Each structure stands twice: as C-alpha cells, then as structure tokens.
Amino acid sequence: MTDLGLLISIDGPAGAGKSTLVAALARYLADRGHRVHATAEPSHGPIGTLARANADTLHGYALACLVAADRYHHLDTELRPRRNDGHLVLCDRYLPSTLVLQRMDGLPLDFLEALNAHVDLPDLAVVLTLDPFEAADRVRARGAHSRFHQGVDSTIKEINLYDHVGAWLSTRRVPVLHLDTTSTPIRRLCDVITTQVEAMLAARRPAIERG
Ligand SMILES: Nc1ncnc2c1ncn2[C@@H]1O[C@H](COP(=O)(O)OP(=O)(O)O)[C@@H](O)[C@H]1O
Ligand SMILES: Cc1cn([C@H]2C[C@H](O)[C@@H](COP(=O)(O)OP(=O)(O)O)O2)c(=O)[nH]c1=O
C-alpha cells in the first residue's frame, strides 16, 4: 500500500464557505482515522504573509508573481512534504483561485499558466459555488472587505470564471467536485468529499488488499 497522501484544493468565491469547510472537513476526516493537514494560500510563510497583507494594494502582475512565489515555496516547505508522508492536505485556495482572481485583475490566462507551469496540480479539486445574492449576504454579514469583492456583479463574474477553471482542470485530468453551498449543510459537503477521497485512496491499493 502506498503512503502517499492527497493534495486537495478548495476554492470558490468569497462567502462560499471555503474556510468553514476546510475546518469541518479536517475534523471529519481525522475522526475517520485519516492523517490530515489543513493549510491555506496565501500561506502563513514569509511570502504568503506579504501577499495577504498587500493583496488590496498590489495589483496585476506584481500580485500574480507574489502569490505564485508563495505557492512554489509552500509546495517545497509544506504541501509536498506533508502529502508525501501520507497526509490528506487540504488547501484553502490554491491554483484555481489564481486562475480566477488574477483573471479578474485583467491578466491573460497564458501568462498565469506559464507562471504556474511547475506547480503541482491538485489530486482533487473542490470548486465551490453558490447563489451570488447569498454570497453577497454572507460577505456582508461577515464584514470582510477585499477589492475582489465588489458585490453581486463581481461575484457572478467570479462564479463563471470558477466554472471555466473546473473545465480547465478536467482537461488536465484533475478530478473536480463542483459543490453548491447555497443550501447544503456542511456535514453533507464533508460526506460527499470524503466518499470521493476514500474511493481515490481505495483505488490505489493493490487488488489483493481490496479483496
Ligand atoms: N454550507 C454553508 N451553509 C450556510 N452557511 C455557510 C456554509 N458554509 C459557510 N457558511 C457561512 O458563510 C460565511 C462565509 O464562510 P467562510 O467559510 O468564511 O467563506 P469563504 O472562506 O469562502 O470566504 C460564514 O458566516 C459561514 O458560517
Ligand atoms: C490564493 C490567492 C489569493 N489571492 C488574494 C485574494 C485575497 O484578497 C487575498 C487573501 O486571500 P483570502 O484570505 O482567501 O481572502 P478572502 O477570504 O478575503 O478572499 O489573497 C490572490 O489574489 N490570488 C491567489 O491565488
């Protein structure tokens, strides 16, 4: 049996429930005996801290390069080591967020593809979506503000871009779970993702072990 874990990205528009889901899913998977490592991008390392602190003041190519540098460093220092020693690594925002947010910042897809050409694709991409009015309500209630979140119109654009990224990942053979969080309880979301994760792990085991 292989000791390799999985890199699972969780992306989607603001208010979709990424952070809530990562925390709940980490507990859910751990309760089922899996080794789990939850993390986020921008990371809490030196480059990620810089990116997070400046995401509203830096724009375009500068922010794209900073989040990509953070991603390469995050992969070297945390994501690959944890995945390679058997953890299910849950990453709150990853490459799909770049392919949406930096597109919203006006950058061409081919530049973003080239900049991220050597990052690992996720083993499983969870792409969240939701009703844009519900997203706006959740963001308003949370009181968070970011220049990327300019109300319902920008959320609609964001949701459409995430749909495209789902297709982009599928053409690269990344399994994608599209989940609508508008009225799906978090426990149900955890169930669906866990079923997929455990199927992927079981498929790796030698036939003799699967019985
Ligand atoms: N599945 C869900 N159903 C209803 N409300 C949710 C769900 N997931 C998250 N929320 C609520 O939506 C708000 C935004 O969630 P959060 O996890 O911070 O989103 P994100 O990280 O995607 O911006 C929070 O108030 C959270 O409690
Ligand atoms: C991961 C990532 C984050 N960011 C930016 C978006 C956010 O403004 C900022 C911090 O991310 P995050 O903490 O997820 O903020 P929010 O919940 O407000 O969206 O980093 C990018 O621009 N590209 C990326 O690829």
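See above for the structure.
Residues numbered from 1 in each chain as written. Chains lettered and ligands numbered in written order. Predicted model: local features only at pLDDT ≥ 70, side-chain atom pairs only at ≥ 80, totals over all residues.

Draft legend 1. Summary view of the overall build of the protein. Secondary structure summary: the protein contains nine helices and five strands in total. Seen in sequence order, the protein has helices and strands lined up from the N terminus as β-α-β-α-α-β-α-α-β-α-α-β-α-α. Against the compact-globule benchmark of 17 Å for 211 residues, the protein has a radius of gyration of 17 Å, which places it among compact chains. Seen through its C-alpha atoms, the protein measures out along the principal axes to roughly 55 × 35 × 30 Å. Counting only residues that meet the buried cut, the protein has 34% of its 211 residues in that class. Restricting to contacts in the protein with at least 6 residues of sequence separation, those with at least 24 account for 80%. (Helix = DSSP H or I, 4+ residues; strand = E, 2+ residues; numbered from the N terminus. Rg over C-alpha atoms; globule rule 2.2 N^0.38 Å. Buried ≥ 20, exposed ≤ 12 C-beta atoms within 10 Å, placed from the backbone. Contact = placed C-beta atoms within 7 Å.)

Draft legend 2. The arrangement of the nonpolar core in detail. Judged by nonpolar contacts, the single largest core of 42 residues is most densely connected at Ile8, Ile10, Leu88, Val89, Leu90, Cys91 and Val126. Those residues in contact with Val126 that lie beyond four places of it in its chain are Ile8, Ser9, Ile10, Leu177, Leu179 and Ile193. (Core = buried A, V, L, I, M, F, W, Y, C linked by C-beta atoms within 7 Å.)

Draft legend 3. Geometry of the site of ligand 2. By nearness alone, 15 residues border ligand 2, and Glu41, Ala55, Arg93, Thr98 and Leu101 come closest of all. Listing elements by their share of the shell around ligand 2, those giving two or more residues are helix H3 (60-84) and helix H4 (95-104). At four residues, H4 tops the list of elements feeding residues into the shell around ligand 2. Considering only residue class, the shell around ligand 2 consists of eight nonpolar, four polar and three charged. (Near = placed C-beta within 6 Å. Nonpolar A, V, L, I, M, F, W, Y, C, P; charged D, E, K, R; others polar.)

Draft legend 4. How the structure looks around the site of ligand 1. Around ligand 1, 13 residues are found, and the nearest of them are Gly17, Lys18, Ser19, Thr20 and Arg138. Secondary-structure elements contributing two or more residues to the shell around ligand 1 are helix H1 (18-31) and helix H6 (132-142). Top element by residues in the shell around ligand 1 is H1. It accounts for three residues. Classifying every residue of the shell around ligand 1 gives three nonpolar, seven polar and three charged.

Draft legend 5. Quick peek at the sheet that holds strand E2 (residues 36-40). Pairing in this open sheet of five strands is parallel, and the strands run E2-E3-E1-E4-E5 from one edge to the other. With one partner strand each, in any of the chains shown, E2 and strand E5 (176-180) form the two edges of the open sheet. Neighbour to neighbour, the strand axes of the sheet diverge by 20° on average, direction disregarded. Examined bridge by bridge, strand E1 (residues 6-11) and strand E4 (residues 124-129) share four bridges and lie parallel to one another. In the strand pairing of E4, Asp11 is matched with Val127. On top of the sheet, H4 reaches E1 and E4; it is set at about 30° to E1, its chief contact. Packed onto the sheet, helix H7 (residues 152-171) meets E1, E4 and E5 and runs at close to 160° relative to E4. (Pairing = 2+ DSSP bridges. Axes fitted to C-alpha atoms, helices over the stretch in contact; angles between N-to-C directions.)

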